[in-house]
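Structure assessment
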Amino acid sequence: MDKKSKYHDLHNLSLDIYNNGDFAQSYASRIEYNAHNALYERPATLSLLSDVNGKTVLDAGCGPGAYSEWLIENGANVTAVDYSDEMIYIASKRLGKRAKIIKANMNSPMLFLKNEEFDMIVSSMVLHYLRDWRLVFNEFNRILKKDGELVFSIHHPFMEFSFHPDGNYHETELVEDEWPAFNVKMEYYRRPLSEVFEILKETDFKFAELLEPKPLEECKELFPDSYETLSRKPWFICFKAIKLQ
Ligand SMILES: C[S@@+](CC[C@H](N)C(=O)[O-])C[C@H]1O[C@@H](n2cnc3c(N)ncnc32)[C@H](O)[C@@H]1O
């Protein structure tokens, strides 16, 4: 059992932060141009998707809608979900009627989404807020068409373990990190790499690709310190899997 679970609402982990209007606005503007998202994670995760033109795509944990916007601009029919009122507000303002935007917590079954509704699911930097991956991956399987693509990114477990070396790498653990750029303490789960693959297998996904990204070259000039760190240390990690049945 997680050390802190009796003090925390694990179903809504970190929701108090994502529901803070100031945080949400500042997160939304920062990830448009920053090193870690705009010049490192997003290009890597997007590179795993095949052509999205004409495809039905779920943006699972859409945040302020940067992924949804890219998907729409590239011809996809997008549904976006997020559990934060503030993120839903920002994404709705940004995307208007160009996407179907739904407030929902991915810790619960997403019964408002039909079986085999989607060609693809993208879930960027979201799944580490969820303890129970079996539930959400079974849901991803249910709503994807056969051979549908699941592309997701999370914190690299080696990065998390280097920040929390007193834990047990082989267990899924609740961890807390400072986000100095936003002056918040964020909570999420670090799980061993092997568990990601076990869950994919158990929920009938075939592993397809893994990326340990490096920053884009333009990051070198714009954010030299981040470039140096992200070029050397594992930070985020991206996966692609295919629904088997
Ligand atoms: C780091 S942000 C990433 C946002 C977006 N995917 C991106 O990469 O730009 C994490 C997002 O996950 C959402 N989130 C966290 N836990 C969630 C849950 N249980 N259900 C739905 N959304 C969740 C947060 O509200 C937040 O918008």
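Shown above is the structure to which this text applies.
One structure accompanies this document, and this report is about it. In this text, all values refer to a predicted model and were calculated from it rather than measured experimentally.

Among all positions of helix α2 (residues 21-33), only Phe-23, Ala-24, Tyr-27, Ala-28 and Ile-31 are buried. The buried residues of α2 all sit within an arc of 130° when viewed along its axis, so they share a single face. In the core, the buried residues of α2 are packed alongside α1 (15-18), α3 (37-47), α4 (66-73), α5 (85-95), β6 (173-179) and β7 (184-190).

Taken in spatial order, the seven strands make up an open sheet running β3-β2-β1-β4-β5-β9-β8, and their pairing is mixed. Strands at the two margins of the open sheet, each flanked by one partner only, are β3 (99-103) and β8 (205-211). Averaged over all neighbouring strand pairs, the angle between strand axes comes to 15°, with direction disregarded. In this structure, β8 lies alongside strand β9 (residues 236-243), joined through six bridges in antiparallel fashion. Counted as the bridge partner of Leu-211 is Cys-238 from β9. Of the strands in this sheet, β2 (77-82) and β3 touch α5, which is tilted by about 170° from β3. Running at roughly 145° to strand β5 (residues 144-155), helix α6 (residues 133-143) makes contact with β1 (56-60), β4 (118-124), β5, β8 and β9 of the sheet.

Looking now at the pattern of salt bridges. Per the counting criterion, the structure on display carries 14 salt bridges. Notably, a salt bridge pairs Asp-119 with Lys-145, separated by 3.1 Å at the nearest N-O pair. Of this pair, Asp-119 sits in strand β4 while Lys-145 sits in strand β5, placing them 26 residues apart in sequence. According to the relative accessible area criterion, Lys-145 is partly exposed, its value standing at 31%. The closest approach of N and O atoms between Arg-191 and Glu-195, which form a salt bridge, is 3.0 Å. Taken individually, Arg-191 and Glu-195 each receive the classification buried, so the pair is uniform in this respect. The structure contains a network of salt bridges with shared partners spanning Glu-32, Glu-69, Arg-94 and Arg-98.

Here Asp-147, not a glycine, exhibits a phi torsion of approximately 70°, which is positive. Relative to the helices and strands, Asp-147 resides in strand β5. Residue Asn-183 is not a glycine yet carries a positive backbone phi of 60°. Mapped onto the elements, Asn-183 comes out in the loop between β6 and β7.

This paragraph deals with the pairing of β1. With four of five residues buried, β1 is to be regarded as a mostly interior element. One ladder, built from five bridges, connects β1 with β2; its direction is parallel. By the bridge assignment for β2, Val-57 is matched with Val-78. The parallel pair β1 and β2, bridged by α4, forms a crossover whose chirality is right-handed. Note that β1 and β4 share three bridges and pair parallel. Along β4, the bridge assignment pairs Leu-58 with Ile-121.

Another aspect to go through is the site of the ligand. Among the 20 residues in the neighbourhood of the ligand, the closest are listed as Gly-61, Asp-82, Asn-105, Met-106 and Ser-124. Tyr-83 is positioned with one of its backbone polar atoms (N or O) 3.2 Å from a nitrogen atom of the ligand. A distance of 2.6 Å separates an oxygen atom of the ligand from a polar side-chain atom of Ser-124. Protein burial of the ligand: of its 590 Å² of free accessible surface, 99% is covered by the chains. Classifying every residue of the shell around the ligand gives 13 nonpolar, six polar and one charged.

If you look at the biggest cluster of nonpolar residues, it comprises 49 residues, and the most contacted ones within it are Met-106, Leu-127, Phe-137, Phe-140, Phe-152 and Trp-179. Here Trp-179 is in contact with Tyr-18, Phe-23, Tyr-27, Tyr-129, Val-184, Met-186 and Tyr-188, once residues within four sequence places are set aside. Ranked by size, the runner-up nonpolar core spans 20 residues in total, among them Leu-46, Cys-62, Val-122 and Val-151.

Rules of the game
- Residues numbered from 1 in each chain as written.
- Predicted model: local features only at pLDDT ≥ 70, side-chain atom pairs only at ≥ 80, totals over all residues.
- Heavy atoms only, no water.
- Buried < 20%, exposed > 50% of the residue type's maximum accessible area, 1.4 Å probe, protein only.
- Helix = DSSP H or I, 4+ residues; strand = E, 2+ residues; numbered from the N terminus.
- Arc of directions from axis to C-beta.
- Contact = heavy atoms within 4.5 Å.
- Pairing = 2+ DSSP bridges.
- Axes fitted to C-alpha atoms, helices over the stretch in contact; angles between N-to-C directions.
- Salt bridge = Lys/Arg side-chain N within 4 Å of Asp/Glu carboxyl O.
- Right-handed = clockwise from strand over helix to strand, strands pointing away.
- Near = heavy atom within 4 Å.
- Polar contact = N/O pair within 3.5 Å; in protein donor to acceptor, adjacent residues only side chain to side chain.
- Areas by Shrake-Rupley, 256 points an atom, 1.4 Å probe, with all protein chains shown as cover.
- Nonpolar A, V, L, I, M, F, W, Y, C, P; charged D, E, K, R; others polar.
- Core = buried A, V, L, I, M, F, W, Y, C linked by side-chain atoms within 4.5 Å.

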